[in-house]
Amino acid sequence: MIIKIPSMSLALLIGASGSGKSTFARTHFLPTEVVSSDTCRALVSDDENNQAASSDAFELLHTLVGLRLKRGLLTVVDATNVQAAARKNLLQLAAKYHVMPVAIVFDLPEDVAQARNKLRADRDFGPHVIRNQTRDLKSAIRALRKEGFRYHTVLKSEDEVNSATIERSKLWTDKREETGPFDIIGDVHGCLDELRALLAELGYTEAEGVYQAPQGRKAIFVGDLVDRGPDSPGVLRLVKAMVEADQALCVPGNHDVKLVRKLKGGDFPPKHGLAETLEQLSKCDPEEVAGFTKFIDGLISHYVLDDGKLVVAHAGMSEAFQGRPSASVREFALYGETTGEIDEFGLPVRVKWAEEYRGDATVVYGHTPMVEAEWLNKTVCIDTGCVFGGKLTALRYPERELVSVPAARVYSEPIRPLADPQTLTSQQIADDLLDVQDVRGRQHIRTENFGTIVIPEEQAAAAFEVMGRFAADPRWLVYLPPTMSPSETSSLPDFLEHPLDALDYYAGHGITEIVAEEKHMGSRAVVIVGRDEEAIFRRFAISGWLGIVLTRTGRPFFDDRATEQVLLQRFSEALAKSGFWERHEAGWAVFDCELMPWSAKAQGLLRSQYAPVGATSRASLGAQVEILRKLAGRLDTPETQELLASTEHRLDAAQRYTDAYRRYCWPIQSVDDFRLAPFQILAVEGKALHGEPHLWHMQEIARACEHDPILVATKHRAVRTDDPADREALADWWLSHTESGGEGLVIKGPTVLTRGNKHLVQPALKSRGREYLRIIYGPDYLEPENLRRLKKRGLGTKRALAMREYVLGLEALRRFLAGEPLRRVHQCTFGVLALESEPVDPRL
Amino acid sequence: MLQITTTHQPASDLGYLLHKNPHAIHRKEMAYGEAILVYPEVSAERCTAAILLNVDTVGLARRRGGMRWSDYVNERPYVASSFVSSAIKEMFATAMSGRSKERQDLADTEIPFVIELAAVKVRGGEEFARNLFEPLGYGVECTPIPLDETFTDWATGPYMKLRLTTTKRLLDVLNHLYVLIPVLDDDKHYFVGKDEVEKLLRRGEGWLAGHPLREQITRRYLDHQRTLTRVALAQLTEQDGEVDPDAAEEQRQEAREKDARAASLHDLRLQAAADVILARGAKTVLDLGCGEGRLIALLLKHVQITQMVGVDVALQSLEKIKRRLRWDQLPEKLKEKLTLVHGSVTYRDAAWQGFDAAALVEVIEHLDEERLPSLEKVVFREAQPRLVVVTTPNQEYNALFPSLPADTMRHDDHRFEWTRTQFTAWCERVATDYGYTVVIEPVGPVDETHGAPSQMGVFTR
């Protein structure tokens, strides 16, 4: 016997103890698919026959079953299930998760079960137990259909049990193997002319009365083919023919279903355009009308397509319902979710499922006429009210391209006026708040191209506090920069870092062309700047700003907004003068920058940490030198001289330390005193730029820098790793640059995103100058004994961190540019911040 | 760096008193590096002993495994701190006990001393240094050390050269210095262990108990430990080139604790909020920004309150609340009533819906003004409690705080402080936008010109 069960279902094995259920389950299902009451008893009491533990065991069983069904997994319950009460709990779970309940009954003669239990030493319950179970089973068999088991099979003998096979049938909604590409067409409502025009626009051609899809494509209709419009029969005819010729799929709309109910004799007034359809159909051949009825009757509520990445349903589909077979899922597909209330026009109030949508699958639907098709959280409604004089719209998938034809005229007056075009998009409106569930606890962030990044809970907690207290409006946080590792520790005796080690890193990964850029010593700044405030408002939904300057941890860089906006104004104008906005057809751009002077942002640290070291070291060592000089006057020994010399040396180091930090400090009287050095264009409206060479970025930026002295172009040079002359020139440049007060150089691959011969390589490595490093490692770090110990430093953690942050930053930009919901962008920038709380040697 | 000079004649007897030969260089390996004792000046009229320190910063940082920049580059090696104290103990153990093999009489005699510290960090400034040493009979002379003479606008900071003059037994001078040098400075000590208490008691014998600042001395001497989350947070703030506002806040706490008025003001605000919540019959209460849980402590014990959720963005605050409430000993009933949640008023939390009341006591001013719309939506649009109580400082009243400089806010982390007009405008706009009615009340004694120190908006729906 072949037992067919749907691939997403809850299968109950029903039978007395000893009737062979467990053996059957083992034979036909995966061990993980079977949830057994005996196993649950064992798990909670160490004894699978402990009847006293039954209550807890079933609590566990129901939890396990619920979780599996929630995840859409076939689940087999191996328990006697002979009593109605036991089945009722499981049926409720099946209903809750919209899966099909299935029963497989083991109706074997009682003596078989009795005999088997006698053979088992651990089953010492008396024969009355089996007798009662067998009696309950008989009444169960009679009750199954009524209880809601549409599929059930009764196995009546050992032979039948042994010879039975299970066949898993695919659900009708499951079309995951159809990967498209598709042209998904919105609510047609009898607008045949517009449908023909749209199909032509999409490249479909009519052959022998049937529209043929362009090579490899397929149309999908979201339903509501009929009512209100001029030729509902014509539309039905066209769509039916396409579906039958395998050129299209179609899901039913509420109007289509209602039409059929009426045709089948439904007793209700023909409202909302149904009367017109009936009138039009009355002129058709009754046989054809019967065909339409059959066609609509056979439509499946919704489809899950393209490996689960696409869902098409007339009125949409929330994540928990996708691909599930139940009456309420069908209701959702046809009518959407409603609150049960009605609005001032007498129409049902809809639950805003799309605003809450967090699923991975793209959901394309119609049902609610809108002025423009619009994305919201990976869902898009493509009913653009053709019959109400709007337009008929199709979505090309996976291109996400919208194609429309205008309605020839208004065929029907809308009951509720179509919404006015909004100043903000639905996505922007939905994005006005973030939810704590998106950032609380351990995070798994799936990136499109670089795998999954895991953020541990305690780091998420640290980031949450910082975000909550200090971060700028999250709508600005489209990127946070990664940390940067130093080059390998130098093997040269007097150096901690040297640029040739950075060069060798890239050479070692098979990269021959690298770029060296001067490293500015200020504060890292991510700058969002608009061509004008309107452009910023359009994308960021924040009005009255020309952009923002953010710190590397996502805080507003400036306390004083007026200064910030003046700075941005000058940047924006310089970009305009260089033709940047036109060249990129963009209204806004995001830059990675260094903002100087260091003292502008780090004033607090300078005053609380750096300056005190300089001041006190000079005071204290100065006094010590004085004492030792006096001592030398009365106790002139080699030891005194040696002590004096080393103390003088330390005093000199203290002075050099002070000189080192002073170079990066100057007072700010006005915006003119700032220096902004953009060194990478992170994004411009409409495109990511991480594929462009660094030299291109440098060039683009330099063009703008010509137009305003507060903008600083970054000195840089291209270096070939295999050219000895280039190597020497690089080392010389670094030395002269750092000896004259420069912080150091940053060495990068040829493009922002560079792959070595195996993996992605570090986006950049820094080689810092000897004098500069006094600020980081202390005035005396070059003392041989100090340097010897300082060279024992590990870069592994820092590099791993840099890589993860870098990948997350790119993912944030990708999501932002793709117009994904704010929470998805925020998850990535939040992740970068969280990773930054990982303890690493801060001097690296 | 420490110099001790005496002019008691013959001054060269200082060598006998200190048990260290003036004609040698004395070097001691210390846990933190090296201490060196030299006598730069030895004559019958005047004799100076000097302790020089050579602190091994690299070794120290490695041993501590520090994760903050400030663990590596800091002024600790250069200012007189507990390093000097341990050098004193190491070099002058005998002298500190008051014994002298050769000059016991002199050791028991009060003789003139000049103590010079080339660089000290004095939190609390010259006044604190005076209050510390003058009661013990020292003349105190402070010379400030500028932070950086090229940037005059950076002001001076807490660094100074300190010169003390006194006539005392050497034993007393050394014990005073041993205890009080670390207290001057009160920064992160390197070595704070359990035996520190015992050491303090021993070295402070006979004088600490009578010192007017004994409590402060004790607290500062026994430095506190920071928790891990604090370190992580500090790391994030430091990257921005900013000083951790909490650390700065900790430093001010002492000053504020003295300000009894400020303390009682906070109590007034909490009581006002609690009174409104109780009077309106609220049973379930959200305390948004619960801080250290003082409002929770006021409300939780009332039978009327059946459920409280305390929310704070600082995980550390939630830990503190549990300590404050003595969580482990709290009756089960009260524990059941209270939930503590790590949350932020700028992130929506579905669990906050359906409460009778929400309190935002001194919370809004800790958010950038640009972030207030998010708070409004989270509280008034999403959570929608029937009653919302918001308190915030009245900026006008600041004029009446004598210790508060003009244009300064009451707390380092305040992003704004509003006048009564500004607060009223905000309250009324929020009430209109989200369908509440609002009544604004003063909190604290009302001044005719400046109003009350705090203001409260009571929103109902």
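Quick caveat: nothing in here was measured; it's all calculated off a predicted structure.

### Looking at the overall build of chain B
No. 1: Counting its secondary structure elements, chain B contains 17 helices and 15 strands.
No. 2: Per-residue burial over chain B gives 44% buried out of 461 residues.
No. 3: The contacts of chain B with a sequence gap of at least 6 include a subset with a gap of at least 24, amounting to 71%.

### Points about the overall build of chain A
No. 1: Counting its regular elements, chain A contains 28 helices and 35 strands.
No. 2: Its C-alpha atoms give chain A a radius of gyration of 36 Å, more than 25% over the compact-globule value 28 Å for 844 residues.
No. 3: With respect to the principal axes defined by its C-alpha atoms, chain A has extents near 115 × 80 × 55 Å.
No. 4: Looking at chain A alone, contacts between residues at least 24 apart form 74% of all its contacts between residues at least 6 apart.

### Quick notes on helix H13 (residues 327–335) of chain A
Residues and elements named next belong to chain A.
No. 1: Of the positions making up H13, those classed as buried are Val329, Arg330, Phe332, Ala333 and Leu334.
No. 2: Contact partners of the buried residues in H13: helix H10 (254–263), strand E14 (302–305) and strand E15 (310–313).
No. 3: Phi turns positive, to about 75 degrees, at Gly336, one or two residues after H13.

### A short note on the interface of chain B and chain A
No. 1: In this assembly, 62 residues from chain B lie in contact with 57 residues from chain A.
No. 2: The element contributing the most residues to the side of chain B that touches chain A is helix H10 (residues 228–239) of chain B, with seven residues.
No. 3: Taken together, the residues of the side of chain B that touches chain A break down into 31 nonpolar, 15 polar and 16 charged.
No. 4: Two elements, strand E23 (residues 434–435) of chain A and strand E11 (residues 347–348) of chain B, share two bridges in a ladder whose sense is parallel. Bridge assignment links Asp435(A) to a residue of E11(B), and that residue is Arg348(B).

### Structural notes on helix H11 (residues 274–281) of chain A
All names here are of chain A.
No. 1: Among all positions in H11, only Leu274, Glu276, Thr277 and Leu281 are buried. The arc enclosing the buried residues of H11, seen along the axis, measures out at 160 degrees, which places them on a common side.
No. 2: Buried residues along H11 sit in contact with helix H9 (232–244), H10 and helix H12 (286–297).

### Here's the deal with the domain arrangement of chain A
No. 1: Splitting chain A by domain gives domain 1 (2–169), domain 2 (174–430), domain 3 (440–483 + 797–832), domain 4 (485–597 + 670–796) and domain 5 (600–662).
No. 2: Taking the mean C-alpha position of each, domain 2 of chain A and domain 3 of chain A sit 37 Å from one another.

### Considerations on the pairing of strand E4 (residues 47–55) of chain B
One face of the sheet, then the other: side chains in a regular strand alternate in exactly this way.
Residue and element names in this part refer to chain B.
No. 1: Within E4, seven of the nine residues are buried, leaving the element largely enclosed by the surrounding structure.
No. 2: Here strand E1 (residues 2–6) pairs with E4 via five bridges, running antiparallel. Looking at E4, one finds that Thr6 is bridged to Cys47.
No. 3: Where strand E3 (residues 33–42) meets E4, eight bridges bridge the pair, whose relative direction is antiparallel. Residue pairing across strands places Leu37 opposite Ile51, the latter belonging to E4.
No. 4: As consecutive antiparallel partners, E3 and E4 are separated by four residues.

### A few points about the pairing of strand E15 (residues 454–460) of chain B
Residues and elements named next belong to chain B.
No. 1: With respect to burial, E15 is a largely interior element, six of its seven residues being buried.
No. 2: As paired strands, strand E13 (residues 387–393) and E15 are joined by seven bridges and run antiparallel to one another. When the bridges of E15 are listed, Val388 appears paired with Phe459.
No. 3: Sheet topology note: the strand E14 (residues 437–443)/E15 ladder contains seven bridges and is antiparallel. Within E15, the residue paired with Val439 across the bridge is Val458.

### Some remarks on the sheet that holds strand E5 (residues 111–121) of chain B
Residues and elements named next belong to chain B.
No. 1: Here we have seven strands laid out as an open sheet, ordered E2-E3-E4-E1-E5-E7-E6, and antiparallel in their pairing. If you trace the sheet from one side to the other, it starts and ends with strand E2 (26–30) and strand E6 (139–144), each paired once. On average, adjacent strands in this sheet sit at an angle of 15 degrees to one another, irrespective of strand direction.
No. 2: Here five bridges tie E2 to E3, and the two strands are oriented antiparallel to one another. Each bridged residue has a counterpart across the sheet, and for Arg27 the counterpart in E3 is Ile36.
No. 3: Its contacts with the sheet place helix H3 (residues 82–91) against E1, E2, E3 and E4, and it is angled at close to 120 degrees to E4.
No. 4: Strands E5 and strand E7 (159–168) of the sheet are contacted by helix H7 (residues 170–185), whose axis makes an angle of about 20 degrees with E5.

### Notes on unusual backbone geometry
Backbone phi values are negative for most residues with the exception of glycine, while trans is the configuration of most peptide bonds.
Residues and elements named next belong to chain A.
No. 1: Each neighbour pair has its own omega, and for Gly180 with Pro181 the value is 0 degrees, a cis peptide bond.
No. 2: Along the chain, Pro181 turns up in the loop between strand E8 (174–175) and strand E9 (182–185).
No. 3: For the bond from Tyr397 to Pro398, the omega torsion is 10 degrees, close enough to zero to count as cis.
No. 4: Here Pro398 shows up in the loop between strand E21 (391–397) and strand E22 (401–406).

### Side note on the sheet that holds strand E34 (residues 744–748) of chain A
Residue and element names in this part refer to chain A.
No. 1: Strand order in this open sheet of five strands is E26-E35-E34-E27-E33, and the pairing throughout is mixed. Every other strand in the sheet has two partners, leaving strand E26 (485–486) and strand E33 (716–720) as the edge strands with one partner each.
No. 2: Here five bridges tie strand E27 (residues 513–519) to E33, and the two strands are oriented antiparallel to one another. Note on E33: the bridge partner recorded for Glu513 is Arg720.

### Considerations on the environment of Pro597(A)
Residues and elements named next belong to chain A.
No. 1: The residue Pro597 is located in the loop between strand E30 (588–596) and helix H21 (598–634) in this model.
No. 2: Each C-alpha atom, one on Pro597 and one on Arg675, is 6.9 Å from the other, the two residues being 78 residues apart in sequence.
No. 3: Sequence-distant contacts of Pro597, that is, excluding residues within four places in its chain, are made with Gly522, Tyr664, Cys665 and Trp666.

### Observations regarding the environment of Gly451(B)
Residue and element names in this part refer to chain B.
No. 1: Tracing the backbone through its elements, the reader meets Gly451 in the loop between E14 and E15.
No. 2: Since 20 C-beta atoms lie within 10 Å of it, Gly451 is described here as buried.
No. 3: For the pair Gly451 and Thr419, spaced 32 residues apart in the sequence, the C-alpha separation amounts to 9.4 Å.
No. 4: Setting aside residues up to four positions removed in sequence, Gly451 forms contacts with Asn394, Glu396, Tyr397, Arg420, Pro442 and Val446.

### Description of the domain arrangement of chain B
One frequently used descriptor of interface size is the decrease in accessible area upon assembly of the parts.
No. 1: Domain boundaries assigned for chain B yield domain 1 (2–239) and domain 2 (259–460).
No. 2: Computed from C-alpha atoms alone, the centre-to-centre distance between domain 1 of chain B and domain 2 of chain B is 44 Å.

### Focus: the packing of H10(A) against H12(A)
Residue and element names in this part refer to chain A.
No. 1: Where H10 meets H12, the closest approach of the two axes is 10 Å, and the angle between their N-to-C directions is 130 degrees. Classified by the interaxial angle, the pair formed by H10 and H12 is oblique. Considering how the two elements wind past one another, H10 and H12 form a crossing that is left-handed. Judged by residue contacts, Asp256, Val257, Leu259, Val260 and Leu263 of H10 engage Val289, Thr293, Ile296 and Asp297 from H12.
No. 2: When grouped by side-chain class, the residues that make up the contact of H10 with H12 number six nonpolar, one polar and two charged.

### A look at the nonpolar core
No. 1: One finds Ile51(B), Ala359(B) and Val389(B) to be the most contacted residues of the largest nonpolar core, which totals 253 residues.
No. 2: Top contributing element to this core by residue count: H21(A), with 15 residues.
No. 3: Contact partners of Val389(B), with chain neighbours within four places excluded, come to Ala273(B), Val276(B), Ile277(B), Ala357(B), Ala359(B), Leu360(B), Met456(B) and Val458(B).
No. 4: Leu225(A), Leu249(A), Val311(A) and Ala315(A) belong to the second-largest nonpolar core, a separate cluster that totals 69 residues.

### Digging into the environment of Glu29(B)
Residues and elements named next belong to chain B.
No. 1: Considering the arrangement of structural elements, one finds Glu29 in strand E2.
No. 2: According to the C-beta neighbour criterion, Glu29 is exposed, with 9 such atoms within 10 Å.
No. 3: Considered as a pair, Glu29 and Ala49 are 20 residues apart in the sequence and their alpha carbons are 18 Å apart.

Cut-offs used in this document
Residues numbered from 1 in each chain as written. Chains lettered and ligands numbered in written order. Predicted model: local features only at pLDDT ≥ 70, side-chain atom pairs only at ≥ 80, totals over all residues. Helix = DSSP H or I, 4+ residues; strand = E, 2+ residues; numbered from the N terminus. Buried ≥ 20, exposed ≤ 12 C-beta atoms within 10 Å, placed from the backbone. Contact = placed C-beta atoms within 7 Å. Rg over C-alpha atoms; globule rule 2.2 N^0.38 Å. Nonpolar A, V, L, I, M, F, W, Y, C, P; charged D, E, K, R; others polar. Pairing = 2+ DSSP bridges. Arc of directions from axis to C-beta. Domains from an automatic or database assignment. Axes fitted to C-alpha atoms, helices over the stretch in contact; angles between N-to-C directions. Parallel < 35°, antiparallel > 145°, perpendicular 65-115°, else oblique. Left-handed = near helix turned anticlockwise from the far one by under 90°. Core = buried A, V, L, I, M, F, W, Y, C linked by C-beta atoms within 7 Å.

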